[in-house]
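# Geometric and topological summary
So you can see what is in the structure, the chains are spelled out below.
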Protein chains: 2
Amino acid sequence: MKRAKPKSQRTPPFAYEGLDRVMHERARLGVLTSLLAHPKGLPFPVIKKLCGLTDGNLARHLEVLEASRLIEITKSTEDARRQSLCRITADGRKRFLGYLAVLEQVLLDANTSPESDDVRARILRHLEAR
Amino acid sequence: MKRAKPKSQRTPPFAYEGLDRVMHERARLGVLTSLLAHPKGLPFPVIKKLCGLTDGNLARHLEVLEASRLIEITKSTEDARRQSLCRITADGRKRFLGYLAVLEQVLLDANTSPESDDVRARILRHLEAR
């Protein structure tokens, strides 16, 4: 029976395979973060403003996120004018938290450098101030 | 005299403009993190292994990083065989630490969500374990 390879040979430590391109793209990262912070959902124009995107750009990114089942878009018929409401899905929240854990790992790995002790100090300061 | 706009109107809070595409691309993020953690530099084959990249891929990404003056590549002539050594530049280190501060902000913003208290707990656990 062959022995399993040591973990270091299977997973390159700086490959960060968990940084899924669908979530990692800057605009989509912003949209997902805004939706994670607002679990009840946000209307299209609010996301546009929060993320500093144009109509066309936001529409394109929402399409990608919806196709990946990370978000769901519902049309509200409450008002006379229809309004699109975007929500992060339960599965999307789970996957995005997984993505964020990889980002944490990047920060922790960066922190192994002697001159980046200030990164650690800065994270701690931010967290303690909350 | 016109009053300055409040900050919230000038900088969309989820735009993350500091996530420079040159550094944000997954493979390049891995390369830069590995070089930040090894300030004396790393030879090409070591980076390739640490980041799980092919020769062609790594060469292409190093070219982009070098063109942006984030890294410098020197040819060692110590051995009979020439070896390329890559180092993060002083300016590159400064810019990459700025990029990492924006990543921290993403984690902190994600953390405003009620159900992501565990993100904060996880970051703290990681940091305290070091």
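Placed above this text is the structure.
In this report, we go over the structure that sits alongside the text. Values in this document were obtained by computation on a predicted structure and should not be read as measured data.

### Here's the deal with helix α5 (residues 55-67) of chain B
Residues and elements named next belong to chain B. Taking 1.5 Å of rise per residue, 13 residues should cover 18 Å, and α5 covers 18 Å from first to last C-alpha, within 8% of that figure. Looking only at α5, the buried set comprises Leu 58, His 61, Leu 62 and Leu 65. All buried residues of α5 project into a common sector of 105° when viewed along the axis, lining one side. Those residues of α5 that are exposed and aimed more than 90 degrees away from the buried face are Glu 63 and Ala 67. One or two positions beyond α5, positive phi appears at Arg 69, with a value near 60°.

### Comments concerning the packing of helix α6 (residues 90-110) of chain A against helix α3 (residues 26-37) of chain B
Remark: α6(A) packs on α3(B), axes separated minimally by 8 Å, with the N-to-C direction vectors making an angle of 30°. Accordingly, the angle class assigned to the pair α6(A) and α3(B) is roughly parallel. Taken together, the residues of α3(B) that come into contact with α6(A) (itself represented by A:Val106, A:Asp109 and A:Ala110) are B:Leu29, B:Thr33, B:Leu36 and B:Ala37.

### Here we look at the pattern of salt bridges
Tallied over the entire structure, the rule returns 6 salt bridges over all chains. Between A:Lys48 and A:Asp55 there is a salt bridge, with its nearest N and O atoms 3.4 Å apart.

### Looking at the packing of aromatic side chains
Residues and elements named next belong to chain A. Scanning the entire structure with this criterion turns up 4 aromatic pairs over all chains. When the ring of Phe 96 is compared with that of Tyr 99, the centres are 5.7 Å apart and the planes differ by 10°; the resulting orientation is stacked. Of this pair, Phe 96 and Tyr 99 both sit in helix α6, 3 residues apart, which is roughly one turn of the helix. Judged by its relative accessible area of 0%, Phe 96 is buried.

### Side note on the side chain of A:Arg28
Residues and elements named next belong to chain A. Positionally, Arg 28 belongs in helix α3 (residues 26-37). Comment: no salt bridge for buried Arg 28; closest opposite-charge side chain is Glu 25, at 4.3 Å. Among the polar contacts made by the side chain of Arg 28, one reaches the main-chain carbonyl oxygen of Arg 21 at a distance of 3.4 Å. A polar atom in the side chain of Arg 28 sits 2.6 Å from the backbone oxygen of Val 22. Beyond its immediate chain neighbours, meaning those up to four positions away, Arg 28 contacts Arg 21, Val 22, Met 23, His 61, Val 64 and Leu 65.

Procedures and definitions
Residues numbered from 1 in each chain as written. Chains lettered and ligands numbered in written order. Predicted model: local features only at pLDDT ≥ 70, side-chain atom pairs only at ≥ 80, totals over all residues. Heavy atoms only, no water. Helix = DSSP H or I, 4+ residues; strand = E, 2+ residues; numbered from the N terminus. Expected span 1.5 Å × (residues − 1). Buried < 20%, exposed > 50% of the residue type's maximum accessible area, 1.4 Å probe, protein only. Arc of directions from axis to C-beta. Axes fitted to C-alpha atoms, helices over the stretch in contact; angles between N-to-C directions. Parallel < 35°, antiparallel > 145°, perpendicular 65-115°, else oblique. Contact = heavy atoms within 4.5 Å. Salt bridge = Lys/Arg side-chain N within 4 Å of Asp/Glu carboxyl O. Phe/Tyr/Trp six-rings, centres within 6.5 Å; stacked < 30°, edge-to-face > 60°. Lys, Arg positive; Asp, Glu negative; His and termini not counted. Polar contact = N/O pair within 3.5 Å; in protein donor to acceptor, adjacent residues only side chain to side chain.

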